[in-house]
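Notes for the structure review
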Amino acid sequence: QVELVQSGGGLVQPGGSLRLSCAASGGIFGIDDMAWYRQALGRQRELVAAISVGGSTTYAESVKGRATISRDNNKKATFLQMNSLKPDDTAVYYCNVRGRDSFWKVDDFWGPGTRVTVSS
């Protein structure tokens, strides 16, 4: 079974920073794009940031200049650094990894989510 383990969520004051981590384990191979999504209460899940195997990145307009996505291929991990956090950043954050399972089938694998609460 492929498992994505997330960490780094929690409570932070407006203007603060946090770093989210996501590491994959199990039978995942040929990892391609990695991404972070978030879902706020009563809203649809949205893309926050994505990074390709070549290092190109994509960010939602709402987090540009405040977020940085990175990856560690050796650890099969992706990280999301967020600065100058705003209350609107409050959401459950999910990591997503595109790769192949043990049957060599391409699939998107999702982490369990970690809650980020930005409040004073």
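Before reading further, recall that the structure is shown in the block above.
A brief report on the enclosed structure follows. Predicted model only: the values in this text are computed from it and were never measured.

Thresholds applied
- Residues numbered from 1 in each chain as written.
- Predicted model: local features only at pLDDT ≥ 70, side-chain atom pairs only at ≥ 80, totals over all residues.
- Heavy atoms only, no water.
- Pairing = 2+ DSSP bridges.
- Helix = DSSP H or I, 4+ residues; strand = E, 2+ residues; numbered from the N terminus.
- Axes fitted to C-alpha atoms, helices over the stretch in contact; angles between N-to-C directions.
- Buried < 20%, exposed > 50% of the residue type's maximum accessible area, 1.4 Å probe, protein only.
- Contact = heavy atoms within 4.5 Å.
- Disulfide = S-S within 2.5 Å.
- Salt bridge = Lys/Arg side-chain N within 4 Å of Asp/Glu carboxyl O.

A few words now on the sheet that holds strand 3 (residues 18-25). If you trace the four strands from one edge of the open sheet to the other, you get 1-3-8-7, paired in antiparallel fashion. Looking at which strands have only one partner, the edges of the open sheet turn out to be strand 1 (3-7) and strand 7 (67-72). Within this sheet the neighbouring strands show an average axis-to-axis angle of 15 degrees, counted without direction. As paired elements, strand 1 and strand 3 share five bridges and run antiparallel to each other. Bridge pairing links Val 5 to Ala 23 in strand 3.

Before going further, it helps to examine the pairing of strand 4 (residues 34-39). Bridge count between strand 4 and strand 5 (residues 46-51): five bridges; the pairing is antiparallel. Note that in strand 5 the partner of Trp 36 across the bridge is Ala 49. Counting the residues in the hairpin turn of strand 4 and strand 5 gives six residues, including Gly 42, whose phi is positive at 75 degrees. Taken together, the six bridges between strand 4 and strand 9 (residues 91-100) define a ladder with antiparallel strand orientation. Considered in strand 9, the bridge of Arg 38 is made with Tyr 93.

The phi dihedral of Lys 76 is positive, around 55 degrees, even though this residue is not glycine. Although it is not a glycine, Ser 84 sits at a positive phi angle of roughly 50 degrees. Inspection of the secondary structure assignment puts Ser 84 in the loop between strand 8 (77-82) and strand 9.

Its place among the elements puts Ser 52 in the loop between strand 5 and strand 6 (57-59). Using a relative accessible area of 17% as the deciding quantity, one classes Ser 52 as buried. Once residues within four sequence positions are removed from consideration, Ser 52 is found in contact with Asp 33 and Arg 71.

By definition, a disulfide is the covalent link that joins the sulfur atoms of two cysteine residues. In the structure shown here, the tally under the stated rule is one disulfide. The disulfide that involves Cys 22 links it to Cys 95, with 2.0 Å between the sulfurs. Since a negative S-S torsion denotes a left-handed disulfide, the Cys 22-Cys 95 link at about 55 degrees is right-handed. Linking Cys 22 in strand 3 with Cys 95 in strand 9, this pair joins segments that are 73 residues apart in sequence. We note that Cys 22, like Cys 95, is buried.

What follows covers the pattern of salt bridges. On inspection of all chains with the given rule, the structure shows five salt bridges. In this structure, the salt-bridge partner of Glu 61 is Lys 64, at a minimum N-O distance of 2.7 Å. Here Arg 98 makes a salt bridge to Asp 108, at a shortest N to O gap of 2.9 Å. With Arg 98 in strand 9 and Asp 108 in strand 10 (residues 106-110), this pair connects stretches of sequence that are ten residues apart. A relative accessible area of 39% means that Arg 98 is categorised as partly exposed. For Asp 108, a relative accessible area of 28% corresponds to the partly exposed category. Three or more residues joined by partner-sharing salt bridges are found here, namely Arg 38, Glu 46, Arg 66 and Asp 89.

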